Amino acid sequence: VRVEVFVLRALDLATGLGLFAAGLRIVESVLTLPAAFSAGTLPALTREGIARDRRPGAAQRLLGLLAWGGIPAAVGLFMRAPEVLDLLGPGFGAAAPVLRIFAVTLGLCVLNTGLHYVLVATARPQILPRFTAMRVGAGLLFAVLLIPRREAVGAALGYAASEAFLRLLLLRAAKSSV
């Protein structure tokens, strides 16, 4: 749930909504790759979770590989934001600042995806809905505070802040699970 979209709509900020949605569409497309990759590691993660193996293993390898792929993708997206936005058509170049914020956030999102799968595999999926609700609540708070002043950029900053908050929650839970 992207509460930023609802706040932009409620404030009747159509241009800001379009710019935010353009950046979000690109980042969400990129995020399908780490989700698919993480899903493929579920058997190994589950085996280690059942064995309660405390040695670094599948979870550490998964997060390392996600970082290895996610960081260069984020840097490339940051550096080439206007060119990437040109793929959506003319007029989307104005979303470059928003996409650059999303690019920085991409590293958080990629590793958050991996941490989700680690928690599912280690028999802790019941906490994920609560974490999602907390992330949505944080996103709403940041959206209400940032969007009226900064429109699409504020929405992207709020998205980034709420993903950072989710990262803290996931890390804490994963640390006690793995």
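The rules behind the values
Residues numbered from 1 in each chain as written. Predicted model: local features only at pLDDT ≥ 70, side-chain atom pairs only at ≥ 80, totals over all residues. Heavy atoms only, no water. Salt bridge = Lys/Arg side-chain N within 4 Å of Asp/Glu carboxyl O. Helix = DSSP H or I, 4+ residues; strand = E, 2+ residues; numbered from the N terminus. Buried < 20%, exposed > 50% of the residue type's maximum accessible area, 1.4 Å probe, protein only. Core = buried A, V, L, I, M, F, W, Y, C linked by side-chain atoms within 4.5 Å. Contact = heavy atoms within 4.5 Å. Axes fitted to C-alpha atoms, helices over the stretch in contact; angles between N-to-C directions. Parallel < 35°, antiparallel > 145°, perpendicular 65-115°, else oblique. Left-handed = near helix turned anticlockwise from the far one by under 90°. Nonpolar A, V, L, I, M, F, W, Y, C, P; charged D, E, K, R; others polar. Expected span 1.5 Å × (residues − 1). 1 Å grid on protein atoms, 1.4 Å probe; cavity = no way out; pocket = protein on both sides within 12 Å on 5 of 7 lines; lining within 4 Å. Points joined across faces, edges and corners; volume = space filled by probe spheres on them.

1. Here's the deal with the pattern of salt bridges
Link 1 in the chain: The tally for this structure, following the rule as stated, stands at four salt bridges.
Link 2 in the chain: Here Glu28 makes a salt bridge to Arg2, at a shortest N to O gap of 3.5 Å. Highlighted residues: Glu28 in helix α2 (residues 14-30) and Arg2 in the segment before α1 (3-10), separated in sequence by 26 residues.
Link 3 in the chain: Its salt-bridge partner being Arg2, residue Glu163 comes within 3.9 Å of it at the nearest N-O pair. Taken together, the residues Glu163 in helix α8 (residues 128-177) and Arg2 in the segment before α1 connect sequence positions 161 residues apart.
Link 4 in the chain: Residue classification places Arg2 among the partly exposed residues on the basis of a relative accessible area of 22%.
Link 5 in the chain: Taken together, the shared-partner salt bridges in this structure form one network comprising Arg2, Glu28, Arg135 and Glu163.

2. With respect to the nonpolar core
Link 1 in the chain: Within the largest apolar cluster, 41 residues are counted, with the highest numbers of intra-cluster contacts made by Phe20, Val27, Leu99, Phe102 and Tyr159.
Link 2 in the chain: Residue assignment for this core shows that the elements contributing at least two residues are α1, α2, α5 (58-79), α6 (81-86), α7 (96-121) and α8.
Link 3 in the chain: For this core, the element with the highest residue contribution is α7, accounting for eleven residues.
Link 4 in the chain: Once residues lying within four places of it in the same chain are set aside, the contact partners of Phe102 are Phe20, Gly23, Leu24, Val27, Ala156 and Tyr159.
Link 5 in the chain: Within the second largest apolar cluster, ten residues are counted, among which are Leu115, Ile127, Leu169 and Leu170.

3. A closer look at the packing of helix α3 (residues 32-40) against α7
How two helices pack is summed up by the angle between their axes together with the distance between the axes.
Link 1 in the chain: At a closest axis distance of 9 Å, the pairing of α3 and α7 adopts a crossing angle of 25°. Classed by the angle they form, the pair α3 and α7 counts as roughly parallel. Where α3 crosses over α7, the two elements pack in a sense that is right-handed. In contact with Pro34, Ala35, Ser38 and Ala39 of α3, α7 contributes Val110, Thr113, Gly114 and Tyr117.
Link 2 in the chain: Among the residues forming the contact of α3 with α7, the class breakdown is five nonpolar, three polar and no charged.

4. Topic: α1
Link 1 in the chain: Here α1 has its buried residues at Val3, Glu4, Val5, Val7 and Leu8.
Link 2 in the chain: At the exit of α1 stands Asp12, carrying a positive phi of roughly 55°.

5. Points about α7
Link 1 in the chain: Here α7 is 26 residues long and its end C-alpha atoms lie 37 Å apart, about the 38 Å a rise of 1.5 Å per residue gives.
Link 2 in the chain: Looking one or two residues past α7, Ala123 carries a phi angle of roughly 65°, positive in sign.

6. Observations concerning unusual backbone geometry
Link 1 in the chain: Of note in the backbone geometry, Asp12 takes a positive phi value of approximately 55° without being a glycine.
Link 2 in the chain: Inspection of the secondary structure assignment puts Asp12 in the loop between α1 and α2.
Link 3 in the chain: The exposure class of Asp12 is exposed, given its relative accessible area of 67%.
Link 4 in the chain: Within the chain, Glu151 stands out as a residue other than glycine whose phi angle is a positive 50°.

7. Looking at the layout of surface pockets
Link 1 in the chain: Reported here for the largest pocket is a volume of approximately 260 Å³.
Link 2 in the chain: Together, 13 residues line the largest pocket, and Arg2, His116, Arg135, Glu163 and Leu166 are the ones closest to its centre.
Link 3 in the chain: Where the lining of the largest pocket is concerned, the elements lending two or more residues are α7 and α8.
Link 4 in the chain: If you tally residues by element for the lining of the largest pocket, the top one is α8, at six residues.
Link 5 in the chain: Broken down by class, the residue content of the lining of the largest pocket amounts to six nonpolar, four polar and three charged.
Link 6 in the chain: Of the voids in this model, the second largest pocket is the one considered here, and its volume is about 170 Å³.
Link 7 in the chain: Lining the second largest pocket are Val30, Leu33, Pro34, Phe37, Leu65, Leu66, Gly69, Gly70, Ala73, Leu106 and Val110.
Link 8 in the chain: Where the lining of the second largest pocket is concerned, the elements lending two or more residues are α3, α5 and α7.

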